Amino acid sequence: MANSFGIYDPPATLHSLSPEGLGTRAVYQELEQEYLGSSIYPTAVYFNHSCCPNIAKTRVGRSMWFVSAVDISKGEELFISYGNITDPVAERRARLKEHFFFGCCCTRCARES
């Protein structure tokens, strides 16, 4: 099992993270990015999706780094986002259902429904 990620140029950078944490509009810079291809990372399969993730992924050269944007307690589950999380809840859920075959029931989706 593995997760695949799109490779874009320029890559999203760590300084694009907001001090308020992930899941806010302030986190994501509006970047013009060119799609270069996809990559497969076997260890990334351990991350589930949340529309309010507690870690972010960023490409550094040929490596994918997963970085905490908030304090994470010992034993707390780590979440990444499986796509654009700035869209309204109905659009996020529809995209996840279409591309990843699950209905999102994260705390943010529950709160915004």
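In this report, we go over the structure that sits alongside the text. Keep in mind that what you see is a predicted model, and the values were worked out from it rather than measured.

## Points about the overall build of the protein chain
The secondary structure content of the protein chain amounts to 2 helices and 6 strands. Moving toward the C terminus, one meets the helices and strands of the protein chain in the order β-β-β-β-β-β-α-α. Each of the 113 residues in the protein chain was classed as buried or not, and the buried ones make up 32%. Across the protein chain, contacts joining residues at least 24 apart in sequence account for 62% of those joining residues at least 6 apart. When the accessible surface of the protein chain is split by element, carbon and sulfur atoms take 55% of a total near 7400 Å².

## Quick look at the pairing of strand β5 (residues 63-68)
Bridge analysis of strand β4 (residues 55-60) against β5 gives 6 bridges, and the strand direction is antiparallel. By the bridge assignment, R59 is partnered in β5 with M64. As consecutive antiparallel partners, β4 and β5 are separated by 2 residues, and within that stretch G61 has a phi angle of approximately 65°, a positive value.

Conventions and cut-offs
Residues numbered from 1 in each chain as written. Predicted model: local features only at pLDDT ≥ 70, side-chain atom pairs only at ≥ 80, totals over all residues. Heavy atoms only, no water. Helix = DSSP H or I, 4+ residues; strand = E, 2+ residues; numbered from the N terminus. Buried < 20%, exposed > 50% of the residue type's maximum accessible area, 1.4 Å probe, protein only. Contact = heavy atoms within 4.5 Å. Areas by Shrake-Rupley, 256 points an atom, 1.4 Å probe, with all protein chains shown as cover. Pairing = 2+ DSSP bridges.

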